[in-house]
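Each chain is listed here by its residues.
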Amino acid sequence: MHIKDMLAESQRTGQPSFSFEYFPPKTAQGVQNLYERMDRMYNFGPKFIDITWGAGGRIAELTCEMVTQAQAIYGLETCMHLTCTDMGTEKVNDALRKAYKAGCTNILALRGDPPRDSEKWTATEGGFQYARDLVKHIRETYGNHFDIGVAGYPEGTDDNKDEDVLLDHLKEKVDMGASFIVTQMFYDADNFIRWVGKVRARGIDIPILPGIMPIATYASFLRRANHMQCKIPQEWLDVLEPVKNDDVAVRELGTKLVAAMCRKLLDNGIWHLHFYTMNLAQATRMVLEELNWAPSAERPLKHALPWKQSKGLGRRDEDVRPVFWRGRNKSYVLRTQDWDEFPNGRWGDSRSPAFGELDAYGIGLTGTNEANRKKWGEPQTIQDLADTFVKYVDQKIDSLPWSESPLTSEAEDIRDDLKNLNKRGLLTINSQPAVDGVKSTHPVHGWGPPNGYVYQKAYLELLVHPSVFPEMVRRFENHPDLTYYAVTKDGELHTNAPSDGPNAVTWGVFPGKEIVQPTIVESISFLAWRDEAFRLGMDWAHCYDPNTPSRLLLEQVMNEWYLVNVVNNDFHENRVIYELLDGLAVEGLTKSPVPAPVTPATNGNHSEPKANGDGHSNGLDQAVATA
């Protein structure tokens, strides 16, 4: 979506909006940490983000990569900075091609600063002399595909303090095709408002986005203001100087000062604020909270769908996704980006030559072995594993190999049920409660446009010991409303589903629209998820040295246990699945694993297994504690 259209929508609805700026970090670990922070800050509700341009070499490549990741993986509408510095026409065209391929539709076109070994800015041979030339080139090459932003300078630039000349340059950039303006950072609201008046007097009527720099510490506040040569009002210094050595006080008082400035801008016709985050979250979050813009129970962040929608090229209209990837959005987008049937045939077909190629999609476990051992401990028994899963449900750890994010508030209604299952050795990796027609504006379960109603079926996915599996299946099959899928790492699929087709587990009913069914369960995608799920477990096992108790335990679980999901198709009922599993438990939770591999039982005919007499070893019933 073009930024000018986002801003027009904000003005039309009377709801002010905001955006965030990030820059490419210098280290690989910094990049990964920033992706995680961007993902968390997505939940603050920015209209878009922008990513600064690193002139030349690796940093320039990283800008393009970050735009691709932000768009496709994290579902963030992204604006890519592009400068003339060290950029000939060929390099500019390459950057624009990458932005286009990533689904990016917004560019901030800048002249850029001179290279560090140059005192004065000069164009690269074969490059562009001014930002207006870059704007013209983008518009001539890509027509209206890109919304093009340019910089505005209410307090002048390093090499030019003549306001009228700078306004002439701004008018030239607009005449070449620019459609919005982002200003340098400032703290003098009165001067900014005066400058906007002069901009409008020049006949420039495109949106102006003021650059807002939150205050984190006193030292960084002064350093950034001096670097940008922006004026600091004396009253701000009078407030901050006495507490300059108290970072907490500086941040709290600075938040109030910046928020008051923002309110003044809003009172004078500004509808959108652009925050220079400096790749940090807390100071920006505090300003949003002070403005009462941060998501809360009273102001929930609303999404069009119950999962983060990709902004990648060709994926913007994607409106259905298997529930198995609820906790691994990045993995799902990466592994389906080249599946032949997308988007007309949903997300893929097992007949496609691109289906199931795991290694190319980066679906493995993230984090170092040391960090993962520290987070998940050194499990040596099933009880230890169960304790780790309970910690996740209790939000004492923020992830599991199958869930990259903390358990959400949606699970509150079933939290005790999940804990009880895990305590008994039934290891839960995905779930959702039943929802019977709550408003689409509901702070926890709501999604989609207003004045609608959303529904979902109770769903549970878990890892099941082979001794427990037959009794579990018997209970599921004796209840007419339940359908399940189950499979081992190398075994055949067991299911009582009436067909291979999709079973909607989340849907919404909205005025003027067909029923939307965005989350489903089906056999083909479940088998693809099976490969990934067991791969993740094996990756966890390989965080430990060979032949250690933790590695042996996790390898045994991955080689022998079942991956099972079950749906209660009666969306009015939330407790049936858990009541049916009541009393079912794995015996010997505290025993160390047996290193010798055990081949999981299968009945070899894709039909549902029986509790007895179908090839399971003798005595399995004795290993199951039942109610």
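Residues numbered from 1 in each chain as written. Predicted model: local features only at pLDDT ≥ 70, side-chain atom pairs only at ≥ 80, totals over all residues. Heavy atoms only, no water.

Per an unreviewed UniProt entry, the protein goes by the name MTHFR SAM-binding regulatory domain-containing protein and belongs to Sarocladium strictum. Listed under Sequence similarities (unreviewed entry) in UniProt, the entry text for the protein is "Belongs to the methylenetetrahydrofolate reductase family." Reading the Cofactor (unreviewed entry) entry of the UniProt record for the protein gives the comment "FAD". (UniProt positions renumbered as here; feature names shortened; annotations may be inferred.)

Caption draft 1: Looking closely at the overall build of the protein. Of regular secondary structure, the protein possesses 19 helices and 20 strands. The 627 residues of the protein split such that 54% are buried. Sequence separation of 24 or more characterises 74% of the internal contacts of the protein that already satisfy a separation of 6 or more. (Helix = DSSP H or I, 4+ residues; strand = E, 2+ residues; numbered from the N terminus. Buried < 20%, exposed > 50% of the residue type's maximum accessible area, 1.4 Å probe, protein only. Contact = heavy atoms within 4.5 Å.)

Caption draft 2: Structural context of the sheet that holds strand β11 (residues 435–439). If you walk across this open sheet you meet the 5 strands as β9-β17-β16-β12-β11, and the pairing is mixed. The sheet is open, and its two edges are formed by β9 (321–322) and β11, each paired on a single side. As paired elements, strand β16 (residues 503–509) and strand β17 (residues 516–521) share 4 bridges and run antiparallel to each other. Bridge pairing links Thr506 to Thr519 in β17. (Pairing = 2+ DSSP bridges.)

Caption draft 3: Inspection of the environment of Tyr100 at higher detail. Positionally, Tyr100 belongs in helix α4 (residues 89–101). Linking Tyr100 and Gly312, residues 212 residues apart in sequence, is a C-alpha distance of 9.5 Å.

Caption draft 4: Representation of the pairing of β17 in the model. A large share of β17 lies buried, amounting to 5 of its 6 residues. Pairing between β9 and β17: 2 bridges, direction parallel. Following the sheet pairing, Arg321 is matched in β17 by Thr519. Between the antiparallel neighbours β16 and β17 lie 6 residues, among them Gly512 with a positive phi of about 75 degrees.

Caption draft 5: Structural context of the confidence of the model for the protein. Chain-level pLDDT for the protein is 84 on average; 85% of the residues reach the 70-or-more range. When the criterion is pLDDT under 50, residues 339–362 qualifies, and its contacts beyond four places in sequence or with other chains add up to 48 contacts. Of the regions scoring below 50 in pLDDT, residues 596–627 engages in 64 contacts with residues more than four places distant in sequence or in other chains. (pLDDT = per-residue confidence, 0-100.)

Caption draft 6: Quick peek at the packing of α4 against helix α5 (residues 131–142). Packing of α4 against α5 brings their axes to within 12 Å, and their N-to-C directions diverge by 55 degrees. Considering the angle they form, α4 stands oblique to α5. Pair α4 / α5 crosses with right-handed handedness. For the pair α4 and α5, the contacting residues are Thr89, Val92, Asn93, Leu96, Arg97 and Tyr100 in the first and Leu134, His137, Ile138 and Tyr142 in the second. (Axes fitted to C-alpha atoms, helices over the stretch in contact; angles between N-to-C directions. Parallel < 35°, antiparallel > 145°, perpendicular 65-115°, else oblique. Left-handed = near helix turned anticlockwise from the far one by under 90°.)

Caption draft 7: Quick peek at the packing of helix α7 (residues 189–201) against helix α10 (residues 247–267). It is at 10 Å that the axes of α7 and α10 come closest, and there the two elements cross at 25 degrees. One way to sum up the angle between α7 and α10 is to call them roughly parallel. The way α7 lies across α10 gives a crossing that is right-handed. In contact with Ala189, Asp190, Phe192 and Ile193 of α7, α10 contributes Met261, Lys264 and Leu265.

Caption draft 8: Just the packing of aromatic side chains, in detail. Applying the stated criterion to the full structure yields 27 aromatic pairs. Both rings, one in Tyr455 and one in Trp507, keep their centres 5.6 Å apart while their planes meet at 5 degrees; by these two values the pair is stacked. Placement of Tyr455 in strand β12 (residues 453–456) and of Trp507 in strand β16 is noted, with a sequence separation of 52 residues between them. Here Trp507 falls in the buried class, since its relative accessible area comes to 13%. In textbook terms, an aromatic cluster arises when at least three aromatic residues are bridged by ring pairs, as seen for Phe18, Phe20, Tyr22, Phe44, Phe275 and Trp293. (Phe/Tyr/Trp six-rings, centres within 6.5 Å; stacked < 30°, edge-to-face > 60°.)

Caption draft 9: Here's a closer look at the environment of Trp236. One can find Trp236 in helix α9 (residues 234–240). The exposure class assigned to Trp236 is buried, which follows from its relative accessible area of 7%. Between the C-alpha atoms of Trp236 and Leu253, which are 17 residues apart in sequence, the distance is 9.4 Å. The residues contacting Trp236, other than those within four sequence positions of it, are Tyr187, Ile215, Phe221, Leu257, Val258 and Met261.

Caption draft 10: Representation of the nonpolar core in the model. If you look at the biggest cluster of nonpolar residues, it comprises 170 residues, and the most contacted ones within it are Tyr187, Trp402, Met472 and Trp529. It is helix α17 (residues 523–541) that contributes the most residues to this core, 9 residues altogether. Among the nonpolar cores identified, the runner-up in size contains 6 residues, and Leu305, Trp447, Val454 and Val516 belong to it. (Core = buried A, V, L, I, M, F, W, Y, C linked by side-chain atoms within 4.5 Å.)

Caption draft 11: View of the pattern of salt bridges. A full pass over the atoms with the stated rule returns 32 salt bridges. Arg97 is the partner of Asp94 in a salt bridge, and the nearest nitrogen-oxygen pair spans 3.7 Å. Residue Asp94 and its partner Arg97 are located together in helix α4, separated by 3 residues, close to a single helical turn. Here Asp94 falls in the partly exposed class, since its relative accessible area comes to 28%. Taking the relative accessible area as the measure of exposure, Arg97 reaches 46% and is therefore partly exposed. A salt bridge links Asp175 to Lys171, with the shortest nitrogen-to-oxygen separation between them at 2.9 Å. With Asp175 and Lys171 both in helix α6 (residues 163–175), this residue pair falls 4 residues apart, about one helical turn. The class for Asp175 is partly exposed, based on a relative accessible area of 49%. Here the salt bridges do not stand alone but share partners, grouping Glu163, Asp164, Asp168, Arg194, Lys198 and Arg202 into one network. (Salt bridge = Lys/Arg side-chain N within 4 Å of Asp/Glu carboxyl O.)

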